[in-house]
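Report on the structure
Residues per chain are reported as follows:
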Amino acid sequence: MADFEAVLKAKYPAKAHARRVVEYIRKKSPHAAGTLYLEGQKTRMIEDNDEPMPFRQRRFFYYMTGCNLPDSYYTYDIATDKSTLFIPPTDPESVMWAGLPLSPSEALQKYDVDAVQTTNEVAAHLARPSTNSTVWAIANQVSDHITFLQFQDKDFSLLKEAIEECRVVKDEYEIALTRKANAISTIAHTAVLKAVKKAANERELEALFIEKSIANGAREQSYHSIVASGTAAATLHYVNNHEPMTGKLNLLLDAGAEYGCYASDITRTFPINGKFSTESRAIYDIVLKMQEACITMLKAGVLWDDVHLAAHKIAIDGLLALGILKGDKEAILKARTSVAFFPHGLGHYLGMDTHDTGGHPNYEDKDTMFRYLRVRGTLPAGSIITVEPGIYFCRFIIEPYLKDSVHSAFIDADVLDKYWEVGGVRIEDNILITKDGYVNLTTAVKDVTEMEEIINGS
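Thresholds, definitions, all that
- Residues numbered from 1 in each chain as written.
- Predicted model: local features only at pLDDT ≥ 70, side-chain atom pairs only at ≥ 80, totals over all residues.
- Heavy atoms only, no water.
- Pairing = 2+ DSSP bridges.
- Helix = DSSP H or I, 4+ residues; strand = E, 2+ residues; numbered from the N terminus.
- Axes fitted to C-alpha atoms, helices over the stretch in contact; angles between N-to-C directions.
- Buried < 20%, exposed > 50% of the residue type's maximum accessible area, 1.4 Å probe, protein only.
- Arc of directions from axis to C-beta.
- Contact = heavy atoms within 4.5 Å.
- Nonpolar A, V, L, I, M, F, W, Y, C, P; charged D, E, K, R; others polar.
- Core = buried A, V, L, I, M, F, W, Y, C linked by side-chain atoms within 4.5 Å.
- Domains from an automatic or database assignment.
- Buried area = accessible area lost by both parts, 1.4 Å probe.
- Phe/Tyr/Trp six-rings, centres within 6.5 Å; stacked < 30°, edge-to-face > 60°.
- Lys NZ or Arg CZ within 6 Å of the ring centre and 35° of its normal.

The next point concerns the sheet that holds strand E5 (residues 134–136). The sheet built from six strands is open, its strands ordered E4-E3-E2-E1-E5-E6 with mixed pairing. Bordering the open sheet on either side are strand E4 (115–118) and strand E6 (153–155), each of which pairs with just one other strand. Here the strands of the sheet are splayed against their neighbours by 20° on average, with no regard to which way each runs. The pairing of strand E2 (residues 73–77) with strand E3 (residues 82–87) spans five bridges and is antiparallel. Across the sheet, the residue bridging to Tyr73 is Phe86, located in E3.

Put into structure tokens, the structure is as follows:
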């Protein structure tokens, strides 16, 4: 695979994405003709304030343009294969405050489109005579001043579906962006490892992760970091990130930098004092075994449900060996008792969004083992998925199981009492699915010896 920095010297492949989207549309509507129409995110002001809200480009728009400018528009003519980007014109009033904006000629050089005009020309562009054609747009993402009177038909559903499904399979450039995001995140994760032993609280480590991300070219985070110490690691999407760490066993760091609108999503769990306790190490080893075994199963066509099931089977074996679970492992699996300790799905697609499109989850599934699985079905080559098993000791989740006559028969409460302070252990990598296997895009350290050496400065 080509070096990702070399790949990223080219333009974001927006034109190829447009063609892929049209190909998908024509599978559903073979004679599709007309124009694809998309709008970028608008500049929005903070309520009761004269400052704009932090800008986040609409991912549907970015996939088709590679353009991260607010207040922009885009059309793609199916018949002529011509893409046109519309960017805001120069506003003399704003130049004094914000400097000169990107010009149409500069935008044409920067983005993979055929033409660039200014946004005051969108209406005239759309008003050109059109016969027997359709405009394909996304519902609730069309400005009030835009009309499609010249089009015979209007479709406000298929374009969104097409982009969502096309986004699942990444091209070389998208993979390179994800590699870059992972490389930057590895620098930041390593910095946290080096600092954790001396840090007084969680917020110091969150600040350090963000600092290293920005310093290495990733101004945005893929999501708000989870910096959970001690028993807080049992909260799956912990948000406080400010508690003191004195006297606590472990830190769970779920954090990923975003690069070029593409996410990384990495979790590591490690000892705050530089040495895992006996109980923490035992749980870490089970989770690592879950992850490694699941990753080796991956290749194009594998059923994700089966991989998730395999993770639960390994968790049951490990918890039985420790004495936390007891009884027949097949009976434990059938009762779904392991869900008390591993309540979430094994992973999700990754791309422009942390929880990326195309996973087709079924949150109404009556089977508790699969209810929160964000991806269902088989994995295609070119998709990127996270593999993030975990084992957690959350009283809120586990105590109802202890009161249930079926589940309590499989849990040894006395042994369990030794593990509450472990909190939770999760290990997460970003995996590219290939025709015959996989490529792990995540390079952050997860080997226990290496982690402990970094923490202890040896």
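What follows covers helix H7 (residues 158–166). Of all the residues in H7, the buried ones are Leu158, Leu159, Ala162, Ile163 and Cys166. The buried residues of H7 occupy one face: seen down the axis, they fall within an arc of 130°. Against helix H2 (14–28), strand E1 (34–39), helix H3 (59–65), E5 and E6 lie the buried residues of H7.

Taken in spatial order, the three strands make up an open sheet running E8-E9-E12, and their pairing is antiparallel. The open sheet terminates on both sides in strands that have one partner only, identified here as strand E8 (226–229) and strand E12 (266–271). The sheet shows a mean angle of 10° between the axes of neighbouring strands, direction not considered. Looking at chain direction, strand E9 (residues 250–255) and E12 are connected through six bridges and run antiparallel. Across the sheet, residue Asn250 finds its bridge partner in E12, namely Pro271. Against the sheet, helix H8 (residues 172–195) contacts E9 and E12, and its axis sits at roughly 15° relative to E12. Sheet strands in contact with helix H9 (residues 202–215) are E8 and E9, and its direction is about 150° off that of E8.

With that out of the way, let us pick up the packing of H8 against helix H16 (residues 448–455). Running from amino to carboxyl end, H8 crosses H16 at an angle of 60°, the nearest separation of the two axes being 7 Å. Packed against H8, whose contacting residues are Thr190, Leu193 and Lys194, the element H16 presents Met451, Ile454 and Ile455 at the interface. The residue makeup of the contact of H8 with H16, split by class, is four nonpolar, one polar and one charged.

As a further point, take the nonpolar core. Judged by nonpolar contacts, the single largest core of 71 residues is most densely connected at Leu251, Ile283, Trp304, Phe341, Ile391 and Phe393. The dominant element in this core, judged by the number of residues it contributes, is helix H10 (residues 278–296), at eight residues. Every residue in contact with Ile283, bar those within four places of it in the chain, is listed here: Leu319, Leu322, Ile324, Ile391, Phe393, Tyr419, Val422 and Val425. Among the nonpolar cores identified, the runner-up in size contains 41 residues, and Leu8, Leu159, Cys166 and Cys261 belong to it.

Right, let's get into the domain arrangement of the protein. According to the domain assignment, the protein contains domain 1 (4–167) and domain 2 (172–456). The gap between the C-alpha centroids of domain 1 and domain 2 is 36 Å. Counting residues at the interface gives 18 residues for domain 1, matched by 19 residues for domain 2. When domain 1 packs against domain 2, close to 1,600 Å² is buried across both sides, 58% of that on carbon and sulfur atoms.

So, on to the packing of aromatic side chains. The tally for this structure, following the rule as stated, stands at nine aromatic pairs. Both rings, one in Tyr12 and one in Tyr173, keep their centres 5.9 Å apart while their planes meet at 85°; by these two values the pair is edge-to-face. In this pair, Tyr12 sits in the loop between helix H1 (4–7) and H2 while Tyr173 sits in helix H8, placing the two residues 161 residues apart along the sequence. Where Phe148 meets Phe156, the ring centres are 6.4 Å apart and the plane angle is 40°; that geometry is what we call tilted. Classification of Phe156 as partly exposed rests on a relative accessible area of 36%. Three or more aromatic residues joined by ring pairs make a cluster, and in this case those are Tyr12, Tyr62, Tyr173 and Tyr262. Here Lys180 stacks its cationic end above the ring of Tyr259, 5.4 Å away from the centre of that ring. Here the basic side chain of Arg395 rests over the ring of Trp420, its NZ or CZ set 4.2 Å away from the ring centre.

One non-glycine residue with positive phi stands out, namely Asn140, at about 70°. On the secondary structure map, Asn140 appears in the loop between E5 and E6. Backbone geometry places Cys261, a non-glycine residue, at a positive phi of 70°. Looking at where Cys261 falls in the secondary structure, it is placed in the loop between strand E10 (257–259) and strand E11 (262–263).

Our next topic: the pairing of E2. Within E2, four of the five residues are buried, leaving the element largely enclosed by the surrounding structure. The pairing of E1 with E2 spans five bridges and is classified as antiparallel. Each residue of the ladder has a partner; that of Leu38, found in E2, is Tyr74. Following E2, the chain reverses through four residues before pairing antiparallel with E3; Asp81 in that reversal takes a positive phi of roughly 60°.

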